[in-house]
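Here are the chains, one letter per residue:
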Amino acid sequence: MIGHSLRILLRTPQGLRLLAREWAVQFGLLSGAAQLYLAFWPDSALPRWPALLGIAGLATVGGVLRSWPRSTVSREFTGPGFTVTVQVGDLFDRESHLVVGFNDVFDTDTRDERLIVRRSVQGQFLHRVYAGDLARLDDDLAVALGGVSPAGLEERSAKQAGKLVRYPVGTVAVLYGPGRRFFCAAYGRMGNDLVISSGADQLWHTLWQLWTAVHLHGRREPIAMPVIGAGLARIDSMDHMALLKLILLSFVTRSRESVVCKSLTVVVHPGDYDQVDMLELGMFLRSL
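Residues numbered from 1 in each chain as written. Predicted model: local features only at pLDDT ≥ 70, side-chain atom pairs only at ≥ 80, totals over all residues. Heavy atoms only, no water.

Draft legend 1. Here's a closer look at the environment of Phe284. Here Phe284 lies in helix 8 (residues 278–287). Residue classification places Phe284 among the buried positions, given a relative accessible area of 18%. Separated by 235 residues in the primary sequence, Phe284 and Trp49 place their C-alpha atoms 40 Å from one another. (Helix = DSSP H or I, 4+ residues; strand = E, 2+ residues; numbered from the N terminus. Buried < 20%, exposed > 50% of the residue type's maximum accessible area, 1.4 Å probe, protein only.)

Draft legend 2. Spotlight on unusual backbone geometry. One non-glycine residue, Glu113, lies in positive phi territory at about 65 degrees. Inspection of the secondary structure puts Glu113 in the loop between strand 3 (97–103) and helix 4 (121–129). Even without being a glycine, Arg220 presents a positive backbone phi close to 60 degrees. Along the chain, the position of Arg220 falls in the loop between helix 6 (200–217) and strand 9 (223–226).

Draft legend 3. The arrangement of the packing of helix 6 against helix 7 (residues 240–257) in detail. For the pair helix 6 and helix 7, the least separation of the axes is 10 Å and the interaxial angle reads 40 degrees. Between helix 6 and helix 7, the angle is such that the two are oblique. The element helix 6 and its partner helix 7 pack so that their crossing is right-handed. Together, Ala200, Leu203, Trp204, Leu207, Trp208, Trp211, Thr212 and His215 of helix 6 and Leu243, Leu246, Ile247, Leu249, Ser250, Phe251, Thr253, Arg254 and Glu257 of helix 7 make up the contact between the two elements. Tallied by class, residues from the contact of helix 6 with helix 7 come to 11 nonpolar, 4 polar and 2 charged. (Axes fitted to C-alpha atoms, helices over the stretch in contact; angles between N-to-C directions. Parallel < 35°, antiparallel > 145°, perpendicular 65-115°, else oblique. Left-handed = near helix turned anticlockwise from the far one by under 90°. Contact = heavy atoms within 4.5 Å. Nonpolar A, V, L, I, M, F, W, Y, C, P; charged D, E, K, R; others polar.)

Draft legend 4. Representation of a nonpolar patch on the surface in the model. A cluster of nonpolar side chains, namely Leu36, Tyr37, Phe40 and Trp41, defines an oily patch on the protein surface of about 480 Å² accessible area. Take Trp41: it is sitting in the loop between helix 2 (13–40) and helix 3 (48–67). (Patch = residues over 30% accessible without salt bridge, like charges linked within 9 Å, V, L, I, M, F, W, Y side chains within 5 Å. Areas by Shrake-Rupley, 256 points an atom, 1.4 Å probe, with all protein chains shown as cover. Salt bridge = Lys/Arg side-chain N within 4 Å of Asp/Glu carboxyl O.)

Draft legend 5. Representation of the environment of Ser67. As for its placement among the helices and strands, Ser67 is situated in helix 3. Taking the relative accessible area as the measure of exposure, Ser67 reaches 2% and is therefore buried. Considering only alpha carbons, one finds Ser67 and Thr206, 139 residues apart in sequence, at a separation of 34 Å.

Draft legend 6. Up close: the packing of aromatic side chains. The full count for this structure, using the stated rule, is 10 aromatic pairs. Aromatic pair Phe102 and Phe125: ring centres 6.4 Å apart, planes at 90 degrees, arrangement edge-to-face. Of this pair, Phe102 sits in strand 3 while Phe125 sits in helix 4, and the two are 23 residues apart along the sequence. For Phe102, a relative accessible area of 2% gives the class buried. Between Trp204 and Trp208, the aromatic rings sit 6.0 Å apart at their centres with planes inclined by 20 degrees, giving stacked as the arrangement. Taken together, the positions of Trp204 and Trp208, both in helix 6 and 4 residues apart, correspond to about one turn of that helix. Exposure remark for Trp208: the relative accessible area of 23% places this residue in the partly exposed category. Here Arg75 stacks its cationic end above the ring of Phe77, 4.1 Å away from the centre of that ring. (Phe/Tyr/Trp six-rings, centres within 6.5 Å; stacked < 30°, edge-to-face > 60°. Lys NZ or Arg CZ within 6 Å of the ring centre and 35° of its normal.)

Draft legend 7. Geometry of the pairing of strand 9. Of the two faces of strand 9, the one holding Ile223 and Met225 and the one holding Ala224 and Pro226 are both buried throughout. Alignment of strand 3 against strand 9, held across 2 bridges, turns out to be parallel. Across the sheet, residue His97 finds its bridge partner in strand 9, namely Ile223. Here 4 bridges tie strand 9 to strand 10 (residues 263–268), and the two strands are oriented parallel to one another. Bridge pairing in strand 10 links Pro226 to Val267. (Pairing = 2+ DSSP bridges.)

Written as structure tokens, this is what we have:
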């Protein structure tokens, strides 16, 4: 983890910008302290060059410590009370309720990876939560979607792989597991060319529907979710930071109306760590 954090700090534009900014702040504070010292003791024998080098060295240490990439940022809100956390880790290591992003036909098949890539969140959901039992997952989804009016039906001649029944983008299928629930949110459209498309407006709408479903079915218990819209089903107009901020803003805004749940954790995949500025996210959470 230390080596990974060091690479992020020294080899990414975000890390270098942050390090430079924090170094300048520390250098300014230490220089000001030195000038104040000389103002009170002008006859001091403070050696100029060693002092300058010492200040630069201390500023470097302080800048590194201040800008060192965090793996977790969190904020507790009051009135109503809830906690929001962004954390680097494995979504499926958590024992809370989980959110999983889907397409509008709720495809699940990973066998040849034409539809769902095994390493994606959807693929891991099938293999790590359902132990690869595709039929059981499809049955549970069919039950959860039983009361939802389809948005359309594709012909097999047009869509040659995957499911054919389309549901409105924003549909949330709630699946029940032992002691927890899974909120399967359709945030993008699976094209007949098997490419998923989505956008900021669709994601915002899906998030709003998701919070409603969590409010109704989550019993206010902790919930964890990935950075929906990133990874293999990417929203190209938004990077990881923009997606994270949209998710956080949406949740806090909806929670101001009524408590969605007591704790939301957005889990960032370790492979995406270098695309996320945790210090900036911490400042963003404090601004909400």
